[in-house]
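Examining the three-dimensional arrangement
Single-letter residue listing:
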Amino acid sequence: MLEVIRRLGIFPHTCVLELTLRCNFRCRHCGSHAGQPRPEELSTEEWLRICDELVELHCERVTLSGGEPTMHPDWALIGKSLADRGVCVNVVSNGSLWTDEVTRQAMAAGLNNVGFSLDGLAATHDEWRAFPGSFERIMAALASCRRHHFRSSVVTVLNRRNIAELRELRALLAERGVRWWQCQLGTPSGELRQHPEWLLNAEDLLEVVPLLAELRAMPGRPHLVLTDNVGYYGKYEAAIRKSPASWGFWMGCRAGLQTIGIES
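Computed from a predicted structure; not experimentally measured. Starting afresh in each chain, residues are numbered from 1 along the sequence in its written order. The predicted nature of this model means local features are confined to residues of pLDDT at least 70 and side-chain atom pairs, given and counted, to a pLDDT of 80 or more, with totals for whole chains, interfaces and linings taken over all residues. Neither water nor hydrogens contribute to the side-chain values; these are computed over all heavy atoms in the structure.

Observations concerning the state of the cysteines
Under the convention used in this document: In what follows, a disulfide is any cysteine sulfur pair within 2.5 Å.
Summed over the entire model, instances satisfying the criterion amount to 0 disulfides. Not part of a disulfide, C30 finds its nearest cysteine sulfur in C27, a span of 6.4 Å. Looking at C145, it has no disulfide partner, and the nearest cysteine sulfur is the one in C88, 15 Å off.

Topic: the pairing of strand β4 (residues 113-117)
Consecutive side chains of a regular strand alternate in pointing toward one face of the sheet and then the other. We count it as follows: Accessibility here uses a 1.4 Å probe with only protein chains present; expressed as a share of the type maximum, an area under 20% marks a residue as buried, one over 50% as exposed, and anything in between as partly exposed. Where helices and strands are cited, they refer to DSSP runs of H or I of at least four residues and of E of at least two residues respectively, numbered from the N terminus. For two strands to be treated as a pair, DSSP must find at least two bridges joining them. The handedness of a crossover follows from its direction of travel: if, with the strands pointing away from the viewer, the path from the first strand over the helix to the second runs clockwise, the crossover is right-handed.
Summarising burial for β4: 5 of the 5 residues are buried, a large majority. Burial of the side chains of β4 extends over both faces: N113, G115 and S117 are buried on one face and V114 and F116 on the other. With 4 bridges connecting them, strand β3 (residues 88-93) and β4 associate as parallel partners. The residue bridging S93 from the neighbouring strand is F116, located in β4. A crossover connection joins β3 to the parallel β4 through helix α4 (residues 100-108); in handedness this β-α-β unit is right-handed. The sheet contact formed by β4 and strand β5 (residues 152-158) spans 4 bridges and is parallel. What sits directly across from V114, in β5, is S152.

Description of α4
What counts, and what does not: In this description, one arc is meant: the one made by directions from the helix axis to the C-beta atoms. Here, two residues are considered to be in contact whenever any of their heavy atoms come within 4.5 Å of each other.
Residues of α4 that are buried include every one of V102, T103 and A106, and no others. Projected down its long axis, α4 carries its buried residues within an arc of 105°, all on one side. The secondary structure elements touched by the buried residues of α4 are α3 (75-83) and α6 (134-147). Note on α4: the residue one or two positions beyond its end, G110, has a positive phi of about 85°.

Some remarks on the packing of helix α2 (residues 44-56) against α3
Basically, it comes down to this: Axis definition: a line fitted to C-alpha atoms, over the contacting stretch in the case of helices. Angles run 0 to 180 degrees between N-to-C directions. Just so you know how the angles are binned, under 35 degrees is roughly parallel, over 145 roughly antiparallel, 65 to 115 roughly perpendicular, and the rest oblique. By convention, the crossing between two helices is left-handed when the near helix turns anticlockwise from the far helix through less than a right angle, and right-handed when the turn is clockwise. Polar here means any residue other than Ala, Val, Leu, Ile, Met, Phe, Trp, Tyr, Cys and Pro, which are nonpolar, and Asp, Glu, Lys and Arg, which are charged; Gly is therefore polar.
Their axes nearest at 10 Å, the elements α2 and α3 cross at an angle of 20°. In this view, α2 runs roughly parallel relative to α3, as classed from their interaxial angle. The chirality of how α2 crosses α3 is right-handed. Of the residues in α3, those in contact with T44, W47, L48, C51 and V55 of α2 are L77, I78, S81 and L82. When its residues are assigned to classes, the contact of α2 with α3 shows 7 nonpolar, 2 polar and no charged.

Nothing here speaks to function; it is geometry throughout.
In structure tokens, the structure reads:
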């Protein structure tokens, strides 16, 4: 497998920048314990220097993350410094602060897409996020992106409450013009260690993985993308991995080979 990766090239193809640990949510599954910023977070000047280095290393795709990245005062400037030099830049947001003005900022910066964290229908999502009304804020954010013709996607962390809602959630996302829908398994780290009742167990996967394969095969948008912790080495792997850009099987963890993350 390492030889295959060597042929593809060992370089930071994809990078996630944790612009700040500051966040206005206290989500039950947050792996970073986000909330308060780190004591000495990187300055904008330091982030811009990192952007220069990523461009020099031929990085192709960067995701601005957090915390809540839009709480960093210069998130758009940092994104623009990469987008202006041909890097595909995305941002992941909880949607609570996303307005028409933020949509315009993202478009002016040349960003490619915004991914909103949505973990079920209204009641499930709001409980999971511990923020009443957060579901409706995401619906408003999606509407803003659609009005301005800015690409939007959704990221869903799978748990024992939301798996029964996935078909209805997909239909809702299709109505809202969402292009891509990423699903990933919740893992017992960070805040989720304190909420084991939400975690899927091995028996649940016998139901969840075939359902995800079914949803992925559905025509039209949103196109379902599954992360590496779903379905590898099983009979549904070909259906789950198959895409023009994939090898059709799990290639193992590429952290430090083609994917890196930089904390604030």
